[in-house]
Amino acid sequence: MPENASEVTAAGIARLAGVGRAAVSNWRRRHADFPKPVGGTETSPSFALADVEEWLRGQGKLAEVPLRERVWQQLSGHPAGAVTALIHVGCALLLVRDRPTDWLELVAVSDERVARLLPDALAPVLEARFGPQVPAGAEGAAPSAVRAVRVPGPEALRPSVPLLRGAAALAAESGAGQAFEFLFGRQLDANPRQYTLTPPELAALMADLALQGEGPGRAPGKAPAPVVLDPASGTGALLRAVGRPAALHAQEADPDLAALTALRLALGVGGGADQGAPEPVVRTGDTLRADAFPKLAADVVLCHPPFNERNWGHDELAYDPRWEYGYPARAESELAWVQHALARLRHGGTAVLLMPPAAVSRRSGRRIRADLLRRGALRAVVALPAGAAPPYGIPLHLWILRKPDHGVQPTPELLLVDTAESPDPAAGAPGAAGGGGTGSLAGSGRERIDWPAVRRTVLDAWRAFATAGRGSGAPAAPGGPPTAGTTAPPASGPSRAVPVIDLLDDDVDLTPARHLPRPSTAGGAAELADVRDRLTDELRLTLRLTPPSAGLVEPASRPFTTLGELARAGALRLSTGGSGGGRGPVLTEHDVLGNTPPSGAPAGPAQESETLAFLATGPASASATGAAGPADDAVVLRTGDVVVPVLGGGSVVRVVDEATAGAVLGRNLQLLRPDPAVLDPWFLAGFLRGTANNRRASSHASTASRLDARRIRLPRLPLDEQRRYGEQFRALAAFEDALRTAGRLGGLLVQGMYDGLTDGTVSPSVS
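Residues numbered from 1 in each chain as written. Predicted model: local features only at pLDDT ≥ 70, side-chain atom pairs only at ≥ 80, totals over all residues. Heavy atoms only, no water.

Turning next to the overall build of the protein. For the protein, the helix and strand inventory stands at 25 helices and 22 strands. Burial statistics for the protein: of 767 residues in total, 51% are counted as buried. Contacts in the protein between residues at least 24 apart in sequence constitute 72% of all its contacts with a sequence separation of at least 6. When the accessible area of the protein is evaluated, it comes to approximately 34,200 Å², of which 53% is carbon and sulfur surface. (Helix = DSSP H or I, 4+ residues; strand = E, 2+ residues; numbered from the N terminus. Buried < 20%, exposed > 50% of the residue type's maximum accessible area, 1.4 Å probe, protein only. Contact = heavy atoms within 4.5 Å. Areas by Shrake-Rupley, 256 points an atom, 1.4 Å probe, with all protein chains shown as cover.)

The structure is reproduced here in structure tokens:
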């Protein structure tokens, strides 16, 4: 086997062949010619990828490995680890994009020679993007001078050369930025516990809040391009959410993650003619102990800091000048990050931080919170739905801060917004197989957050509060700024501007729910009557849809096939969702689980052309890759498609109707496209819901179950018989949806009665 050949584990072989791991174990036992292990351990051996592919093709178990899967297998099996391999890929992709002719010269020589020549070719590209390389241990080198991405040496690059060739071919298909984003996303998905992620919807909301500005006459689009800092950049999600900044600055304690973030941001910047775009300045180091940007005066600071850190530097930073609002207690690391963010803002700049809910109420932080309020630095606290970001089980908060201007009177109010609950959980979308609508902002988990509703609620409240300049305690809802000097009405609705004087008690508890008691669920007797009427209608519908009594019969003996066999026969197409390339809306995992219309935004067009394919892979292989534009990666839904989440064990299935057709399949979703002349979609959807099938096709990780759709079994039935089953499954889906709606309405009625009776808006005589 060649020294640099890629290796793959049994799990990787199962993924390539579309089977379970048990099938791979059986092949190893039953087939003497199955490839022998070349590495790994006795309990987790690895095999040469080329040998495995050859064996699978010889057995008729594999037609062709998609290029992106081949590159991912090479990356995940890299001897130095996937992270190191991904850094090498990012460096090479910058070379492919910025100096394609240099790359073309390199790919014409042997792998050994590529490894020797590549460092010299990378050095000027990385220096142009990230500045000169200063040795990390150089005497007198400040943290701000040591860049995150360093030129790898020939020995480190030698095992990466085949991977880099494949990555360049992938870039020819979809663009360098999209290729890196795919591999980076796969790495995050494969190792979710290693990274603290900021979901893109939350990152976009935080960026919009920061860029909204504050003060009379401020409006989006009128301010100049901002200088943006993320002092705990993680994967770079927050900085990627900022559109057209003047400069991007980031610091990350993990050196590998800092390098990946720098490459991700650099590859997200247009090359070629777009030479005026800012280059990211990413540095490695502990931000609180060794700040890389001590003199920066940013317009915007975005931060998702680490939570509950006790070893943040409490003892050695006791006299740090950043503690302008008070010395944080050892248990208040989050308040240290808040003050760091304020210290790196220009006067009048805005910071948005993701914070744990305990930070607004812990007694050890009440003095700092009080000073932030008195001086007008803390402008708003937003309670998010549980599941907005890790840790997913608790409702996190957003803190919006503004560095006070010298000589400017601080505004006497704090905006409080609560999106953790919805006033009408009965409002939902039309049903589909296995799905149920939800009108709540929070739903029942991280995949059921109604992000458009959350954005609307938060941004409308902040816009009304921010453009007014100062408030009065009136509800902060759209429709005009509050009138100064009026008396605050009783707290109601999802937001309110609360006078600071009302918050400066012994606890300085800024929890939005404490100052915004949840309103009556149904809003009084009149709305309760409406809910009752809707419930009555829904119960009648449920009664009509109730399935007839089923007679007991002997289990039928019938031949079965699997979806994997149907796919190989051409009766079914299996696809997985991607990043949402294309122009249409994206059907997300949240949409399928919540049974709502497609809500995802399409990805921007990737840079690709036949010339790039030629330059990236060389004349011999450019045509062999079959390079296609990014639109080919986008799976556009058609009426009759069946969509099921990858995670969750097939408990939710959606049959695409005319309203959803045309959307793009999102990430973490599987598409099953049956040939209508062979397979009925509702017949397929119904058997996907079967308990026995789900047990057979699900594999279990530590936190979730994963569905391998190829292992689902279907009975071999004529099309007319399939349609009989399909009609029954369709009726069951409608009955299930009616039951869900009736349950939500019933819960709404019960809670509304409790709330009305206890707050005096409903008389006990109301029946």
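Time to look at the environment of serine 44. Here serine 44 is to be found in the loop between strand E2 (39-40) and strand E3 (45-48). With 34 residues separating them along the chain, serine 44 and alanine 10 place their C-alpha atoms 7.6 Å apart.

With that settled, the discussion passes to helix H6 (residues 100-107). All of the buried residues in H6 are Trp103, Leu106 and Val107. Projected onto a plane normal to the axis of H6, the buried residues spread over an arc of 90° and lie on a single side. (Arc of directions from axis to C-beta.)

Let us look at the sheet that holds strand E12 (residues 495-499). Strands sit in the order E6-E5-E4-E7-E8-E10-E9-E11-E12 across an open sheet of nine strands; the sheet is mixed. The two strands at the open ends of the sheet, each matched to only one other strand, are strand E6 (281-284) and E12. If you compare each strand with its neighbour and ignore which way they point, the axes differ by 15° on average. Note: strand E4 (residues 227-230) against strand E7 (residues 298-303), two bridges, orientation parallel. Each bridged residue has a counterpart across the sheet, and for leucine 229 the counterpart in E7 is valine 301. Its contacts with the sheet put helix H14 (residues 333-343) on E7, strand E8 (345-355) and strand E10 (397-402), and the angle it makes with E8 is roughly 155°. Packing of helix H16 (residues 451-468) onto the sheet brings it into contact with strand E9 (378-383), E10, strand E11 (413-418) and E12, and relative to E11 it is tilted by some 165°. (Pairing = 2+ DSSP bridges. Axes fitted to C-alpha atoms, helices over the stretch in contact; angles between N-to-C directions.)

Relative to the 18 Å expected for 13 residues at 1.5 Å per residue, helix H11 (residues 200-212) spans 18 Å between its end C-alpha atoms, a close match to the ideal helical length. In this structure, the buried side of H11 is in contact with helix H12 (237-240), E7, E8, E10 and H16. (Expected span 1.5 Å × (residues − 1).)

Right, let's get into unusual backbone geometry. Proline 390 connects to proline 391 through a cis peptide bond whose omega is -5°. Relative to the assigned elements, proline 391 resides in the loop between E9 and E10. One non-glycine residue, valine 508, lies in positive phi territory at about 45°. Along the chain, the position of valine 508 falls in the loop between E12 and helix H17 (512-515). With relative accessibility at 3%, the residue valine 508 sits in the buried group. Positive phi, normally seen in glycine, also occurs at asparagine 668, with a value near 65°. Within the secondary structure, asparagine 668 is located in the loop between strand E18 (664-665) and strand E19 (669-674). Residue asparagine 668 is classed as partly exposed on the basis of its relative accessible area of 33%.

Before going further, it helps to spend a moment on the environment of leucine 459. Counting through the fold element by element, leucine 459 comes out in helix H16. Classification of leucine 459 by relative accessible area gives buried; the value is 10%. Separated by 251 residues in the primary sequence, leucine 459 and aspartate 208 place their C-alpha atoms 7.9 Å from one another. Once residues within four sequence positions are removed from consideration, leucine 459 is found in contact with Leu205, Asp208 and Leu209.

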